[in-house]
Amino acid sequence: MNFLKEIKCIMCLVKCSKYLYFAKKALCFVTILISAAMLLGLACGDGKDMAKKLRGMM
């Protein structure tokens with residue numbers, strides 16, 4: 001009985017780790033998109049104005 005609980009727990013951990021892996025990949029993808037949008041904004045807009053806004057956020 002105890003052995004079956006351990007196997008069930010291990011299966012649950014494996015299943016959760018798969019979800020966490022995909023969540024991590026999605027978070028990396030979103031971070032890349034935000035970085036690309038900021039770089040595009042810096043390239044297209046006035047660099048001095050954007051630098052002032054960035055300093056104001058920090």
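Just above sits the structure.
What you see is a predicted model; the values in this text were computed from it and never measured.

**Examining the overall build of the chain**
1) Next: Of the regular secondary structure elements, the chain holds two helices and zero strands.
2) Next: Taken over 58 residues, the chain has a buried fraction of 0%.
3) Next: Split by element, the accessible area of the chain, about 5,700 Å² in all, is 74% carbon and sulfur.

**Section: the state of the cysteines**
1) Next: For the structure on display, the rule yields zero disulfides.
2) Next: With no disulfide of its own, C16 lies closest to C12 among cysteine sulfurs, the gap being 4.1 Å.

**Considerations on the packing of aromatic side chains**
1) Next: Tallied over the entire structure, the rule returns one aromatic pair.
2) Next: Ring plane angle 70 degrees and centroid distance 5.4 Å describe the contact between Y21 and F22, whose orientation is recorded as edge-to-face.
3) Next: On the basis of relative accessible area, Y21 is assigned to the partly exposed category, the value being 46%.
4) Next: Judged by relative accessible area, which is 56%, F22 ranks as exposed.

Reading guide: rules and limits
- Residues numbered from 1 in each chain as written.
- Predicted model: local features only at pLDDT ≥ 70, side-chain atom pairs only at ≥ 80, totals over all residues.
- Heavy atoms only, no water.
- Helix = DSSP H or I, 4+ residues; strand = E, 2+ residues; numbered from the N terminus.
- Buried < 20%, exposed > 50% of the residue type's maximum accessible area, 1.4 Å probe, protein only.
- Areas by Shrake-Rupley, 256 points an atom, 1.4 Å probe, with all protein chains shown as cover.
- Disulfide = S-S within 2.5 Å.
- Phe/Tyr/Trp six-rings, centres within 6.5 Å; stacked < 30°, edge-to-face > 60°.

In short, shape yes, function no, at least from these values alone.
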